[in-house]
Amino acid sequence: MVGRNGIGSGVDIGQELYISCSVFSDCRHVVYSRSKLVSRGSCQNFFLRIIEVFDSSIDYFQDFSCLVYEREQSLPEMVQNGFFYHNEKSNGGVTVPGITAENAQGGEEDLGNSKSDGSSISSSESEVNTSDADKGKDKLGGSSTEEVDAVHLKRRVGLFSGVALIVGTMIGSGIFVSPSGLLYRSESVATCLIIWGACGALSMLGALSYAELGTMITQSGAEYSYFLEAFGPMPAFLFCWVSTFLLKPSQLAIISLSFAKYTVEPFIVGCEPPDLVVKLVCAATIASITFINCYSVSLATKVQNIFTAAKLIAIFIIICGGIYMIALGNVSYLSTGFEPFDPSLSPTTFSDIATAFYSGLWAYDGWNNLNYVTEELKNPFVNLPRAIIIGLPLVTGCYILVNVAYLAVLSPIEMINSPAVAVTFGARALASWAWLMPLAVCVSTFGSANGTLFVGGRLSYVASREGHLVDILSYVHVRRLTPSPALLFNTLIALLMIIPGNIGSLIDFFSFTAWIFYGGCMAALILMRYTRPNAPRPYKVPIIMPIIVLIVSVYLVVAPIVEDPQIEYLYATMFILAGLIFYIPFIYYKVPVKCMGPVTAFLQYLLEVVPTKYE
């Protein structure tokens, strides 16, 4: 392995290496064969394969400041403590079994020559070199991987950005799309407000439990990493399968469709916006967000911070409008309490309550998003629980007050019949300033979509790094250090999911499958309290908290099926189990997909990405 500035010195013999400059031009102790020239310019990048080092008493690579990334697993001749193993049969040098003199073509007379021999890059498992001295160190706190390898995603998310990510992804389309659905299913104003508060309390318990998991298991990926540690690779793969191909893309599609509807609605008077126009605006929105996230992590976090502040201003305007109307005496709808607002409705059942929870919890979804980026979070042992403790009560208070404001202006029937509750509220309460509402809602949903793609790309990135998805998804841009292949992959699936366009059915479908895995994480936390009692837990919650969330999760999954069976639930279960069709041959038995080699090489050149690995 090669470090920089003397950190993590040494090189694995027999490795394919990515060199960021012609560093071997003055070194006469290395024999190598040259591979593909990656780019041309003042700093020429190319792949090398180290064949032999003739003098093992000196580490010639110790002081190089260039970055070197290995492309294959290490051969038996490993570096130990910065020096090479001696081989008595080669006069003190190091040789590689199976490599003949013909492999060493080029020799030292080719050193410094940047001409490519035209061979392609192999698509074998890709890893990033890290120093032996740094292996096994803390993966979240302490020294980060960026100190060893600049290609790793850097820690750029602070406390403010962490709170913005949580709040920004939670407050999105849900509070503007779901209030009417939750109100309809709860059938009374008081029950509706209680469910909003209960959803916030449940989300808080779940988020605090995730804080313990996130500070104990030091990888990004949230549920995927927790399942991998607690239950093994198969449950982790099934979560990756469902989340990558269904949950995260559908979440992005739903939020973007809401943004498109609110954007188009002011320009269409007297009728519903055309579906084609809404979907085209939605597609353009997803493409814009993808460009931001692929271009720069810093830009994506700044966009998230700005749009989170903007949506809080929008919430504040709604709340102030509601307070003003209450001060004028408009409390007739709020004073109905538990009385049904529509006597023709059937009595509320347990299934209705569970379905109402689905709509409310959809609005709260996002409380676990910071766990997807713990590797990029500064001081995660402190900032992860602190961001949760700040963000969740803030969102809960906003949601309850916003619904009170709605009911101070609109009747329950008007809320249910309104396709855009916030816009209808603005037209009634803000008079000439009503145009602020659709604008503010658009800003809110755009920020939520940005955060959703930000975390969704990290899940694909981590799963690919563990070998559960194709290699190219674990690569990052060589200069911008963004996981652009994973982001583009999520974007492609989300674009396909906007074709149906039925937000209501997507919400119920998403909630059903999501809470299966939320409950699984609570089970993982409880299990590891017994299987790993001595594991470091910088933040620890009372065991009753994950137990409560687990019980509620089971109820949310089982109750709707028992009370009102629907074909969607069967589809969801079949979709989860369908992941085994891919897991058994490609993950368990490791059957290679030969066609992916040329595809990986082509995409690596096209997207300018390099492999990475989390140690």
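Data block above holds the structure.
Residues numbered from 1 in each chain as written. Predicted model: local features only at pLDDT ≥ 70, side-chain atom pairs only at ≥ 80, totals over all residues. Heavy atoms only, no water.

Asks: Help me understand the overall build of the protein, please; the structure alone is not making it clear to me.
Replies: Of the regular secondary structure elements, the protein holds 17 helices and eight strands. When each of the 615 residues of the protein is scored for burial, the buried share is 56%. For the protein, long-range pairs separated by at least 24 residues make up 81% of all intrachain contacts whose partners lie at least 6 apart in sequence. Working note: accessible area of the protein is about 24800 Å², and carbon and sulfur atoms make up 63% of it. (Helix = DSSP H or I, 4+ residues; strand = E, 2+ residues; numbered from the N terminus. Buried < 20%, exposed > 50% of the residue type's maximum accessible area, 1.4 Å probe, protein only. Contact = heavy atoms within 4.5 Å. Areas by Shrake-Rupley, 256 points an atom, 1.4 Å probe, with all protein chains shown as cover.)

Asks: Looking at this model, I keep getting lost on the side chain of Thr-169. Mind explaining?
Replies: Its location among the elements puts Thr-169 in helix H1 (residues 159-170). A residue is classified by how much of its surface remains accessible, and Thr-169, at 3% relative accessible area, is buried. Reaching out from Thr-169, the side chain makes a polar contact with the backbone oxygen of Leu-165 at a distance of 2.6 Å. Excluding anything up to four places from it in sequence, Thr-169 contacts Ala-164, Gln-304, Asp-365, Gly-366, Asn-369, Ser-448, Gly-451 and Thr-452. (Polar contact = N/O pair within 3.5 Å; in protein donor to acceptor, adjacent residues only side chain to side chain.)

Asks: What should I look at first to understand the packing of aromatic side chains in this one?
Replies: Here the distance between the centres and the angle between the planes together describe a pair of aromatic rings. Taken as a whole and assessed by the stated rule, the structure comprises 23 aromatic pairs. Measuring from centroid to centroid gives 6.1 Å for Trp-196 and Tyr-364, while their planes differ by 50°, and the two rings are tilted. With a gap of 168 residues between them, Trp-196 in helix H3 (residues 189-216) and Tyr-364 in helix H8 (residues 350-364) connect regions that are remote in the sequence. Pair check on accessibility: Trp-196 and Tyr-364 agree, each one buried. Measuring from centroid to centroid gives 5.8 Å for Phe-227 and Phe-231, while their planes differ by 40°, and the two rings are tilted. Taking relative accessible area as the criterion, Phe-231 reaches 36% and is therefore assigned partly exposed. Grouping aromatic residues by their ring pairs yields a cluster made of Tyr-210, Tyr-226, Trp-367, Trp-515 and Tyr-518. Of note, Arg-458 hangs over the ring of Phe-454, and the distance from its end group to the ring centre comes to 3.9 Å. (Phe/Tyr/Trp six-rings, centres within 6.5 Å; stacked < 30°, edge-to-face > 60°. Lys NZ or Arg CZ within 6 Å of the ring centre and 35° of its normal.)

Asks: Is there a simple way to think about the side chain of Thr-191 in this case?
Replies: Turning to its location among the elements, Thr-191 is positioned in helix H3. Residue class for Thr-191 comes out buried when judged on its relative accessible area of 18%. Sequence-distant contacts of Thr-191, defined by excluding residues within four places in its chain, comprise Ser-186, Phe-338 and Ile-353.

Asks: Honestly, the nonpolar core in this entry has me stumped. Any pointers?
Replies: If you look at soluble globular proteins, the nonpolar side chains tend to sit buried side by side. In terms of nonpolar packing, the biggest core is built from 142 residues, with Leu-370, Tyr-399 and Trp-515 touching the most fellow members. When near neighbours in sequence (up to four residues on either side) are disregarded, Leu-370 contacts Val-157, Gly-162, Leu-165, Ile-166, Leu-377, Asn-383, Leu-384 and Ala-387. (Core = buried A, V, L, I, M, F, W, Y, C linked by side-chain atoms within 4.5 Å.)

Asks: Looking at this structure, I do not really get helix H15 (residues 544-563). What am I missing?
Replies: Three or four residues apart is the spacing at which side chains of an α-helix point the same way, because the helix has 3.6 residues per turn. For H15, which comprises 20 residues, the first-to-last C-alpha distance of 28 Å matches the rise-based estimate of 28 Å (1.5 Å per residue) to within 8%. Every buried residue of H15 is accounted for by Met-545, Pro-546, Val-549, Ser-553, Leu-556, Val-557, Ala-559 and Pro-560. (Expected span 1.5 Å × (residues − 1).)

Asks: In this structure, what is going on with empty space enclosed by the protein? I would like to understand it.
Replies: Empty space among the atoms becomes apparent when a probe as large as a water molecule is rolled across them. The tally for this structure, following the rule as stated, stands at seven cavities of 30 Å³ or more. The calculated volume of the largest cavity comes to roughly 90 Å³. Contributing to the lining of the largest cavity are 13 residues, with Glu-223, Leu-247, Lys-248, Tyr-372 and Tyr-518 lying nearest its centre. Put simply, the parts of the chain that give the lining of the largest cavity at least two residues each are helix H5 (233-264) and helix H14 (503-531). If you tally residues by element for the lining of the largest cavity, the top one is H5, at five residues. (1 Å grid on protein atoms, 1.4 Å probe; cavity = no way out; pocket = protein on both sides within 12 Å on 5 of 7 lines; lining within 4 Å. Points joined across faces, edges and corners; volume = space filled by probe spheres on them.)

Asks: What is the right way to look at a nonpolar patch on the surface in this model?
Replies: On the surface, a cluster of nonpolar side chains totalling about 810 Å² of accessible area is made up of Ile-581, Phe-582, Ile-584, Phe-586, Tyr-588, Tyr-589, Val-591 and Val-593. Within the secondary structure, Ile-581 sits in helix H16 (residues 567-588). On the basis of relative accessibility, which here comes to 60%, the residue Ile-581 falls in the exposed class. (Patch = residues over 30% accessible without salt bridge, like charges linked within 9 Å, V, L, I, M, F, W, Y side chains within 5 Å. Salt bridge = Lys/Arg side-chain N within 4 Å of Asp/Glu carboxyl O.)

Asks: Is there a simple way to explain the packing of H5 against helix H13 (residues 484-497) in this structure?
Replies: Each pair of packed helices can be described by the angle between their axes along with the distance between the axes. At a closest axis distance of 8 Å, the pairing of H5 and H13 adopts a crossing angle of 70°. One element, H5, and the other, H13, form an angle in the roughly perpendicular class. The handedness of the crossing between H5 and H13 comes out as right-handed. Seen from H5, the contacting residues are Thr-244, Phe-245, Leu-246, Lys-248, Pro-249, Ser-250, Leu-252 and Ala-253; seen from H13, they are Phe-489, Asn-490, Ile-493, Ala-494 and Met-497. Looking at the contact of H5 with H13 residue by residue, the classes come out as nine nonpolar, three polar and one charged. (Axes fitted to C-alpha atoms, helices over the stretch in contact; angles between N-to-C directions. Parallel < 35°, antiparallel > 145°, perpendicular 65-115°, else oblique. Left-handed = near helix turned anticlockwise from the far one by under 90°. Nonpolar A, V, L, I, M, F, W, Y, C, P; charged D, E, K, R; others polar.)

Asks: Explain helix H17 (residues 596-607) to me, please; I cannot follow it from the model alone.
Replies: An ideal rise of 1.5 Å per residue puts 16 Å on twelve residues; H17 measures up with 16 Å between its terminal C-alpha atoms. Residues of H17 that are buried include every one of Gly-597, Thr-600, Ala-601 and Gln-604, and no others. All buried residues of H17 project into a common sector of 95° when viewed along the axis, lining one side. The exposed set on the far side of H17, more than 90 degrees from its buried face, consists of Pro-598, Phe-602 and Leu-606. Directly beyond the C-terminal end of H17, a positive phi value near 55° is found at Glu-608. (Arc of directions from axis to C-beta.)

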